[in-house]
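Take a look at the letters that make up each chain.
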Amino acid sequence: MEVTRQDVLAAARRVEGRVRRTPLLRPSGRDAVWLKCEFLQHCGVFKTRGAFNRQLAALETGEIGDAGIVVASGGNAGLAQAFAAQELGIRATVFVPQTAPEVKVARIRRYGADVLRTGTEYAEAYQAAIDFAEESGAVFAHAYDQLEVVAGAGTVGEEILEDEPAIDTIVVAVGGGGLYAGIAAAALGRARIVAVEPERCATLNQAMHAGEPVDVAVSGVAADALGARRVGAYAFAAQALEPPVSVLVRDEDIVEARTRLWSEYRAASEYGAATAYAALTSGRYVPAPGERVAVVVCGANTDPATLNVDT
């Protein structure tokens, strides 16, 4: 269950022209880090990269038929798969838990996908999507733990190091671990990874301590985006190959980081997307003198009304 840089490079070639090459914002003034502005991606989320890679690869092999694709999602993977399916003329069915934010569900429907609410956690929506795939013949697209999905996400890391080869460290948020695993593959031997998780859903951190993926309780402000119950196999394989620096942040750290991204950069990030930045703003990760750090701000699917801060 390993993804390589060659897989990432193949994904980059496949999705070229389908996804945006998002900017890497350089430090200036009091800024201390580079920001990878992936919140500017189609659908406002990095998952669009993996969605296109998964669907285009399946079209190449003739895997996709009339039933199209099906995905389970807390919201963002569903958005990405629905958008890619609309662009490619494929039918899409998306299972989401009852707790999925309405702002995301409404956008998924606007992309023409069938949306079915099931259960209260991602795990329940996941099982429903698996059952649907078996019954209908739809191709299953995993939200984060599938080779093409992980490799597509890894193109974020490839772009960072192409734009600024001198980067020492890439800071990335972890839920199920697809983005982390992909960036780790792209950066292996070139930059180290700081893997940041909310204390209240720390799948990778707990797996590293246990020596195997384990179920964790899921709650907190970032649970809709980072609320996988168990880290994916590709992420676990990535940490075994080269352990990341594992950092946990509190909900209040995430809220503060999200506010600062808006007040200082006018970046409308969701809580999950601000989690990586929270490692720095909270002091949970302190770069060494001269360390060149890039932070991935990976999603913008949030209610703008909650960003009305007087700063």
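All values reported here derive from a predicted model rather than from experimental measurement.

Asker: I keep staring at the packing of aromatic side chains and nothing clicks. Help me out?
Answerer: Both the distance between ring centres and the angle between the ring planes are used here to describe each pair of aromatic rings. Following the criterion strictly, the structure yields seven aromatic pairs and no others. For the pair F52 and F83, a centre-to-centre distance of 6.0 Å together with 90° between the ring planes defines the contact as edge-to-face. Placement of F52 in helix α2 (residues 47–61) and of F83 in helix α3 (residues 76–88) is noted, with a sequence separation of 31 residues between them. For the residue pair F52 and F83, the accessibility class agrees, reading buried in each case. Three or more aromatic residues joined by ring pairs make a cluster, and in this case those are Y122, Y126, F140 and Y144. Looking at R258, its charged tip hangs above the ring of Y271, at a distance of 4.4 Å from the centre.

Asker: Which parts of the structure should I look at to understand empty space enclosed by the protein?
Answerer: Using a probe with the size of a water molecule, rolled over the atoms, empty space left in the structure can be pinpointed. Tallying each qualifying case throughout the model produces one cavity of 30 Å³ or more. Of the voids in this model, the largest cavity is the one considered here, and its volume is about 40 Å³. Lining the largest cavity we find K47, A51, A77, A80, Q81, H142, A143 and V149. When contributions to the lining of the largest cavity are tallied by element, the ones reaching two or more residues are α2 and α3. Grouping the constituent residues of the lining of the largest cavity by class yields five nonpolar, two polar and one charged.

Asker: Looking at this structure, how should I read the pairing of strand β8 (residues 192–198)?
Answerer: If a strand is regular, its side chains alternate between the two faces of the sheet. Judged by how many residues are buried, β8 sits mostly within the fold: six of seven residues are covered. Bridge analysis of strand β7 (residues 169–173) against β8 gives five bridges, and the strand direction is parallel. Pairing of V172 across the sheet is with A195, part of β8. Each parallel crossover has a hand, and the one from β7 via helix α7 (residues 178–187) to β8 is right-handed. Judged from the five bridges that link them, β8 and strand β9 (residues 245–249) form a sheet pairing that is parallel.

Asker: Just checking my understanding: could you explain the pattern of salt bridges for this structure?
Answerer: Two side chains of opposite charge can pair, provided their charged atoms sit close to one another. Under the criterion given, the structure shown has 23 salt bridges. Its salt-bridge partner being R229, residue E121 comes within 2.5 Å of it at the nearest N-O pair. In this pair, E121 sits in the loop between β5 (114–117) and α5 (122–136) while R229 sits in the loop between α9 (223–226) and α10 (233–241), placing the two residues 108 residues apart along the sequence. According to the relative accessible area criterion, E121 is partly exposed, its value standing at 27%. Classification of R229 as partly exposed rests on a relative accessible area of 33%. For R200, the salt bridge is made with D251, and the minimal N-O distance between the two is 2.9 Å. One end of the pair, R200, is in the loop between β8 and α8 (203–210); the other, D251, is in helix α11 (residues 251–265), with 51 residues separating them in the sequence. On the basis of relative accessible area, D251 is assigned to the buried category, the value being 13%.

Asker: Any chance you could explain the sheet that holds strand β1 (residues 24–25) here in plain terms?
Answerer: Two pairing modes exist for strands in a sheet, parallel and antiparallel, and in both the strands are linked by backbone hydrogen bonds. Read from one edge of the open sheet, six strands run β1-β2-β10-β7-β8-β9, paired in mixed fashion. Edge positions in the sheet fall to β1 and β9, since each has one partner strand and no second. Set on the sheet, α8 makes contact with β8 and β9; between it and β8 the angle comes to about 110°.

Asker: I would appreciate a short explanation of the state of the cysteines in the present structure.
Answerer: What is meant by a disulfide is a covalent connection between two cysteines, made through their sulfur atoms. The final tally for this structure, using the stated rule, is zero disulfides. Here C37 is not disulfide-linked; the sulfur of C298 is the nearest cysteine sulfur, at 12 Å. Look at C298 and you get buried, because its relative accessible area is 7%.

Parameters and conventions
Residues numbered from 1 in each chain as written. Predicted model: local features only at pLDDT ≥ 70, side-chain atom pairs only at ≥ 80, totals over all residues. Heavy atoms only, no water. Phe/Tyr/Trp six-rings, centres within 6.5 Å; stacked < 30°, edge-to-face > 60°. Helix = DSSP H or I, 4+ residues; strand = E, 2+ residues; numbered from the N terminus. Buried < 20%, exposed > 50% of the residue type's maximum accessible area, 1.4 Å probe, protein only. Lys NZ or Arg CZ within 6 Å of the ring centre and 35° of its normal. 1 Å grid on protein atoms, 1.4 Å probe; cavity = no way out; pocket = protein on both sides within 12 Å on 5 of 7 lines; lining within 4 Å. Points joined across faces, edges and corners; volume = space filled by probe spheres on them. Nonpolar A, V, L, I, M, F, W, Y, C, P; charged D, E, K, R; others polar. Pairing = 2+ DSSP bridges. Right-handed = clockwise from strand over helix to strand, strands pointing away. Salt bridge = Lys/Arg side-chain N within 4 Å of Asp/Glu carboxyl O. Contact = heavy atoms within 4.5 Å. Axes fitted to C-alpha atoms, helices over the stretch in contact; angles between N-to-C directions. Disulfide = S-S within 2.5 Å.

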